[in-house]
Amino acid sequence: MTARLIRLKTRGDFLRVAAGRVRAVRPGLVLQAAPQPGDGDAVLRVGFTASRRVGNAVARNRAKRRLRAAAASILPLRGKAGTDYVLIARDGTGGRLYAELLSDLEGALRQVGRQGSTKDAHGGEG
């Protein structure tokens, strides 16, 4: 149905995306975005994380599985190529209805898209 998403795996990539300061907070997740470094082929990459605040290992893994499923459904359609995304699980991610999680991700992508274009219009610093 959809192609596999390319995953961010190194700590440096996660820190670079967080430093970009383009983010959207929703009840089910936090989405961070940053343009990819370099002039390579423009692909969409995504990383997932859940802190211990989300719960024990079982709860964190469940939250990340749900984020991966939502990202696989939404990002190939609505994501911007050449952008790295990090999805951060929140306390309610594991118990949130899947339809609401999809809606959260779509809304966050719209917000991040607006923030990114505003930063570009103001010379990269916002």
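What counts and what doesn't
- Residues numbered from 1 in each chain as written.
- Predicted model: local features only at pLDDT ≥ 70, side-chain atom pairs only at ≥ 80, totals over all residues.
- Heavy atoms only, no water.
- Core = buried A, V, L, I, M, F, W, Y, C linked by side-chain atoms within 4.5 Å.
- Buried < 20%, exposed > 50% of the residue type's maximum accessible area, 1.4 Å probe, protein only.
- Helix = DSSP H or I, 4+ residues; strand = E, 2+ residues; numbered from the N terminus.
- Pairing = 2+ DSSP bridges.
- Contact = heavy atoms within 4.5 Å.
- Axes fitted to C-alpha atoms, helices over the stretch in contact; angles between N-to-C directions.

A. Broad picture of the nonpolar core. Residues Leu31, Leu75, Tyr85, Leu87 and Leu105 are the most contacted members of the largest nonpolar core, which totals 26 residues. Among the elements of the structure, strand 2 (22-25), strand 3 (29-35), strand 4 (45-49), helix 2 (57-78), strand 5 (83-89) and helix 3 (98-121) are those that each provide at least two residues to this core.

B. Examining the sheet that holds strand 2 more closely. Strand order in this open sheet of five strands is 1-4-5-3-2, and the pairing throughout is mixed. The sheet is open, and its two edges are formed by strand 1 (6-7) and strand 2, each paired on a single side. Bridge count for strand 4 against strand 5 is five bridges, and the pairing is parallel. Looking at the pairing, valine 46 lines up with tyrosine 85 of strand 5. On the sheet, helix 1 (residues 11-19) packs against strand 3, strand 4 and strand 5 and is oriented at approximately 95 degrees with respect to strand 3.

C. Up close: the environment of glycine 28. Relative to the assigned elements, glycine 28 resides in the loop between strand 2 and strand 3. Remark: the alpha-carbon pair of glycine 28 and serine 103, spanning 75 residues in sequence, is separated by 9.4 Å. Residues within four places of glycine 28 in sequence aside, it is in contact with Arg90, Thr93, Arg96, Leu101 and Asp104.

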